[in-house]
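Single-letter residue listing:
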Amino acid sequence: MDLSASSSSIDDELFVIDVLQLLPRPRFFRDRSNPLTDYDDVDFKQRFSLSKCMFMNLLDMISHNINQNTLRNMSLSPMLQLLIALRYYATGAFQAVLGDHIHVNKSTVCRVIKKVSEAIEFLKPKYIQMPRSQTEIDLVQHDFFLTRNFPKVIGAIDCTHIKIHSPNSDIGEKFRNRKGFFSINVQAVCNSHMQFINIVARWPGSVHDSTIFDNSLLRAQFENNEFGNSVLVGDGGYACRNYMMTPLGNPTSESELRYQKAQIGTNNVIERTFGVWKRRFPVLSLGIRTQIQTTLTTIIATAVLHNMLIAANEPLVIDETLLTADMLDQVPVLPVRQAGNAVQRHLIETVFN
């Protein structure tokens, strides 16, 4: 036996093994499930908050903004990207868990949520807007009047806190609210059908409701009389103004009691709107674990989806396993001193007398 030949053969094999170890690992493409075919419409809606028909309509509206302009193998289709984002909204699950479920990487899930949320947020001017024409204003006022006989109401306003994780040690405390957790204080106005007609999502949880309104475009629009003689109804966290009707501090007369009952009953719709919104998209209650800008975009995107579902008369389907005891738990609002105004007194002495 030629020992030199045998030794040379072994050296060649070792060389080949060394080369193979240095080569990049081959990509492994896992099979991805298709929820559109795996679930019926009831199960699909319970998992993604939208019916299949609504899902396809939304996909048509945003697919051009989330389409992957790449020739790479196995890139995520617009359909799969939207499914990932909707599942995140509907569960609030960790992004790594979502990635394992749909067989994509955690970092990919993060990018998809950001991209899809931006695409849905782009629809905001179409689905979230204040009534502008006199016909639209009259219709909104009429619908509100039918609920509690409160005249001239164009919207119910309030704020709600959306849980987040602390941004960082430098600015984190700005986001800690009076209840001790980190949040975004979101101001919203809704109509009598529980649709958002105005929303502001950019203020830290430590900021008071009245401060958000005082610095909003909405206040400037009312100050400029852009909505005529229309009024908003709000709670005691807002100052009473010519266009902002708030509860009385200590109603005594019959007319004041009637005003109080009508005002509180009319304003109640915004609390119910927040409740339905957070039940449709539990990520808003369980806590959003993304960068602040993506968090703000996610809040607006879910508000747009909420309005779309209300407009389509989609019933609310709740997965009981996703509900938490504090889903509707709100941070108490510090009362604002009410100076009173002539418009409020005129309503009490005429309409409610």
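Residues numbered from 1 in each chain as written. Predicted model: local features only at pLDDT ≥ 70, side-chain atom pairs only at ≥ 80, totals over all residues. Heavy atoms only, no water.

Per an unreviewed UniProt entry, the chain is named Putative nuclease HARBI1, and its organism is Macrosiphum euphorbiae. UniProt annotates the chain under Cofactor (unreviewed entry) with the comment "a divalent metal cation". (UniProt positions renumbered as here; feature names shortened; annotations may be inferred.)

A. Inspection of the packing of helix 12 (residues 254-280) against helix 15 (residues 342-350) at higher detail. Remark: helix 12 packs on helix 15, axes separated minimally by 8 Å, with the N-to-C direction vectors making an angle of 110°. When the axes of helix 12 and helix 15 are compared, the pair comes out roughly perpendicular. Between helix 12 and helix 15 the crossing geometry is right-handed. Of the residues in helix 15, those in contact with S255, E256 and Y259 of helix 12 are Q344, R345 and I348. Tallied by class, residues from the contact of helix 12 with helix 15 come to 2 nonpolar, 2 polar and 2 charged. (Axes fitted to C-alpha atoms, helices over the stretch in contact; angles between N-to-C directions. Helix = DSSP H or I, 4+ residues; strand = E, 2+ residues; numbered from the N terminus. Parallel < 35°, antiparallel > 145°, perpendicular 65-115°, else oblique. Left-handed = near helix turned anticlockwise from the far one by under 90°. Contact = heavy atoms within 4.5 Å. Nonpolar A, V, L, I, M, F, W, Y, C, P; charged D, E, K, R; others polar.)

B. Spatial organisation of the side chain of S192. Within the fold, S192 resides in the loop between strand 2 (183-190) and strand 3 (196-204). Excluding anything up to four places from it in sequence, S192 contacts D143, F144, T147 and V269.

C. Quick peek at helix 9 (residues 134-148). Over its 15 residues, helix 9 runs 22 Å from end to end, which matches the ideal 21 Å to within 8%, given 1.5 Å per residue. Taken together, the buried positions of helix 9 are I137, V140, Q141, D143 and F144. For helix 9, the angular spread of buried residues about the axis comes to 160°, placing them on one side. Of the exposed residues in helix 9, the ones pointing more than 90 degrees away from its buried face are T135, L139 and L146. Note on helix 9: the residue one or two positions beyond its end, N149, has a positive phi of about 60°. (Expected span 1.5 Å × (residues − 1). Buried < 20%, exposed > 50% of the residue type's maximum accessible area, 1.4 Å probe, protein only. Arc of directions from axis to C-beta.)

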